[in-house]
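Here is what each chain is made of, one letter per residue.
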Amino acid sequence: MGEHPIHNLMKISMENIKQMVDVDTIVGNPVNTESGDTIIPISKVAFGFAAGGSEFESTTNTNSDQNPPFGGGSGGGVSITPIAFLVVNQQGVEIKHLEERTHLYERLLEQVPKTVNSIMNEFDKDSKKGE
C-alpha cells in the first residue's frame, strides 16, 4: 500500500513554509554603520498550518483493491513582525524596541537595582544619624 494522498499535501506545504522561515528571518543579518555601530534586526515570526481530506465512497467502483477517491487541501500562512533592534557599539549592547509594551518587563527589571540602591542609601543615612 502506497502513501496516503494527504501525506503529499502536508509535505509540500511544510517544505514551502520551511523555505520562507529560517533563522535569518528571526535574527536578521547585521548592518554596519559608518560610525562603527552594528545594528541587528530582531523579528517575531508566527505561522499556522492546516491540512485535511476525505475519502469518498465510489458507487461505480466495487473493486476493493483500489483506494477510494480522495479530496483534500492544505494551507499555511506566515507573519513576520519586526520587534526590536540590537545596537552594538563601543559602549556595549543596547536593545531598541519598536513596541512600548514589548520592553515593559525589561524596564521593570532595570528599575530593581536602582530601587534597592535607593533603599540601601536611606538605611545608611538613618544609621549614620543614630551614631
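Residues numbered from 1 in each chain as written. Predicted model: local features only at pLDDT ≥ 70, side-chain atom pairs only at ≥ 80, totals over all residues. Heavy atoms only, no water.

**Quick word on the overall build of the protein**
Okay, step 1: On a plain count of helices and strands, the protein comes out with three helices and four strands.
Okay, step 2: If you list the helices and strands of the protein from N to C, you get α-α-β-β-β-β-α.
Okay, step 3: Put simply, the protein has 131 residues, and 9% of those count as buried.
Okay, step 4: Working note: accessible area of the protein is about 10,600 Å², and carbon and sulfur atoms make up 55% of it. (Helix = DSSP H or I, 4+ residues; strand = E, 2+ residues; numbered from the N terminus. Buried < 20%, exposed > 50% of the residue type's maximum accessible area, 1.4 Å probe, protein only. Areas by Shrake-Rupley, 256 points an atom, 1.4 Å probe, with all protein chains shown as cover.)

**Points about the side chain of serine 43**
Okay, step 1: Tracing the backbone shows serine 43 in strand β2 (residues 38–55).
Okay, step 2: A relative accessible area of 14% places serine 43 in the buried class.
Okay, step 3: When neighbours within four sequence positions are excluded, serine 43 is seen to be in contact with Thr25, Ile26, Ile80, Thr81, Pro82 and Ile83. (Contact = heavy atoms within 4.5 Å.)

**Some points on the pattern of salt bridges**
Okay, step 1: Scanning the model with the defined rule gives one salt bridge in all.
Okay, step 2: Lysine 96 is the salt-bridge partner of glutamate 94, the closest N and O atoms lying 2.9 Å from each other. (Salt bridge = Lys/Arg side-chain N within 4 Å of Asp/Glu carboxyl O.)

**Digging into the pairing of strand β4 (residues 92–97)**
Okay, step 1: Taken together, the six bridges between strand β3 (residues 70–89) and β4 define a ladder with antiparallel strand orientation. Note on β4: the bridge partner recorded for valine 88 is valine 93.
Okay, step 2: Counting the residues that bridge the hairpin from β3 to β4 gives two residues. (Pairing = 2+ DSSP bridges.)

**Considering the sheet that holds strand β1 (residues 31–32)**
Okay, step 1: Strand order in the open sheet formed by four strands is β1-β2-β3-β4, with antiparallel pairing between adjacent strands. Looking along the sheet, the strands with just one partner apiece sit at the ends: β1 and β4.
Okay, step 2: Sheet topology note: the β2/β3 ladder contains 18 bridges and is antiparallel. By the bridge assignment, glycine 53 is partnered in β3 with glycine 72.

**As for the side chain of threonine 38**
Okay, step 1: Along the chain, threonine 38 turns up in strand β2.
Okay, step 2: A relative accessible area of 19% places threonine 38 in the buried class.
Okay, step 3: Reaching out from threonine 38, the side chain makes a polar contact with the side chain of asparagine 32 at a distance of 2.9 Å.
Okay, step 4: Not counting chain neighbours up to four residues away, the residues in contact with threonine 38 comprise Pro30, Val31, Asn32, Leu86, Val87 and Val88. (Polar contact = N/O pair within 3.5 Å; in protein donor to acceptor, adjacent residues only side chain to side chain.)

**Side note on a nonpolar patch on the surface**
Okay, step 1: A contiguous nonpolar surface patch, about 470 Å² in accessible area, is contributed by Val112, Val116, Ile119, Met120 and Phe123.
Okay, step 2: Tracing the backbone through its elements, the reader meets phenylalanine 123 in helix α3 (residues 104–129). (Patch = residues over 30% accessible without salt bridge, like charges linked within 9 Å, V, L, I, M, F, W, Y side chains within 5 Å.)

**Here's the deal with the environment of asparagine 89**
Okay, step 1: Mapped onto the secondary structure, asparagine 89 falls in strand β3.
Okay, step 2: When the C-alpha positions of asparagine 89 and aspartate 37 are compared, they lie 4.8 Å apart, and in sequence the two are 52 residues distant.
Okay, step 3: A polar contact of 3.0 Å, which involves the side chain of asparagine 89, links it to the backbone nitrogen of glutamine 91.

**Here's the deal with the confidence of the model for the protein**
Detailed conclusions should not be drawn from predicted coordinates in areas where pLDDT is low.
Okay, step 1: In this model, the protein carries a mean pLDDT of 76, and residues with pLDDT of at least 70 account for 74%.
Okay, step 2: Within the protein, α3 has the poorest average pLDDT of any element, 71, and β1 the best, 92. (pLDDT = per-residue confidence, 0-100.)

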